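For reference, the chains in residue letters:
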Amino acid sequence: MRFSKISHGLVAAFLLAMAGIQLNDPDPLFWGVVYGAAAVMPIARLAGHRLPVGWGIAAGLAVAGLAVSLPGLIDFIRFGDYALVGGSMSGERPHIELAREFLGALIGLLCLVPYRKWHTRGA
């Protein structure tokens, strides 16, 4: 039980940190909401609350993030220099930022998956 609470807390802290990092992003509102909504799910689980609609909204936002950034990921893959994902952002290479956003949305969605059963059971 204690391990479970710690793991939920760690997932929530991780997602909230991801939301906080978005403050220096070119589009902080959307991405902050994506990660913030995902963070609500482990917090709600810790509190014993089921949020079936909330889970659907959080997952939908993450999927929207994947869809929005997919073209940039494709360009990034086509460009082929994968080391650039850790490099600095550049106006000439927006695909780097979009690839990072795709990976972030994927991480957010993967963090949501274990909470689906809890939040949607009995909904």
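As the structure is a computational prediction, the values presented were derived from the model and not from experiment.

A. Expanded view of the packing of helix α2 (residues 28-47) against helix α3 (residues 52-79). Close contact between α2 and α3 brings their axes to 9 Å; oriented N to C, the two are set at 145 degrees. As for the relative orientation of α2 and α3, their crossing is left-handed in sense. Contacts from Phe-30, Trp-31, Val-33, Val-34, Ala-37, Ala-38 and Met-41 of α2 reach α3 at Gly-54, Trp-55, Ala-58, Leu-61, Ala-62, Ala-64, Gly-65 and Ser-69. When its residues are assigned to classes, the contact of α2 with α3 shows twelve nonpolar, three polar and no charged.

B. Focus on α3. Under the 1.5 Å per step criterion, the end-to-end length of α3 is 40 Å for 28 residues, consistent within 8% with the ideal 40 Å. Along α3, the largest kink reaches about 45 degrees and is centred on Ser-69; proline Pro-71 follows within four residues of it. Within the sequence span of α3, burial applies to Trp-55, Ala-58, Ala-59, Ala-62, Gly-65, Leu-66, Ser-69, Gly-72, Leu-73 and Phe-76. Positive phi appears at Gly-80, one or two residues downstream of α3, with a value of about 85 degrees.

C. Representation of the environment of Lys-5 in the model. On the secondary structure map, Lys-5 appears in helix α1 (residues 2-21). A relative accessible area of 45% means that Lys-5 is categorised as partly exposed. The sequence separation of Lys-5 and Leu-46 amounts to 41 residues, and the corresponding C-alpha distance is 6.5 Å.

D. Broad picture of the nonpolar core. Leu-15, Tyr-35, Met-41, Trp-55 and Leu-112 are the most contacted members of the largest nonpolar core, which totals 25 residues. The set of elements that each furnish at least two residues to this core consists of α1, α2, α3 and α4 (94-112). Not counting the four nearest positions on each side in its chain, Trp-55 is found in contact with Met-41, Leu-112, Tyr-115, Arg-116, His-119 and Thr-120.

What counts, and where the lines are drawn
- Residues numbered from 1 in each chain as written.
- Predicted model: local features only at pLDDT ≥ 70, side-chain atom pairs only at ≥ 80, totals over all residues.
- Heavy atoms only, no water.
- Axes fitted to C-alpha atoms, helices over the stretch in contact; angles between N-to-C directions.
- Helix = DSSP H or I, 4+ residues; strand = E, 2+ residues; numbered from the N terminus.
- Left-handed = near helix turned anticlockwise from the far one by under 90°.
- Contact = heavy atoms within 4.5 Å.
- Nonpolar A, V, L, I, M, F, W, Y, C, P; charged D, E, K, R; others polar.
- Expected span 1.5 Å × (residues − 1).
- Bend = angle between axes of the 7 residues up to and from the residue.
- Buried < 20%, exposed > 50% of the residue type's maximum accessible area, 1.4 Å probe, protein only.
- Core = buried A, V, L, I, M, F, W, Y, C linked by side-chain atoms within 4.5 Å.

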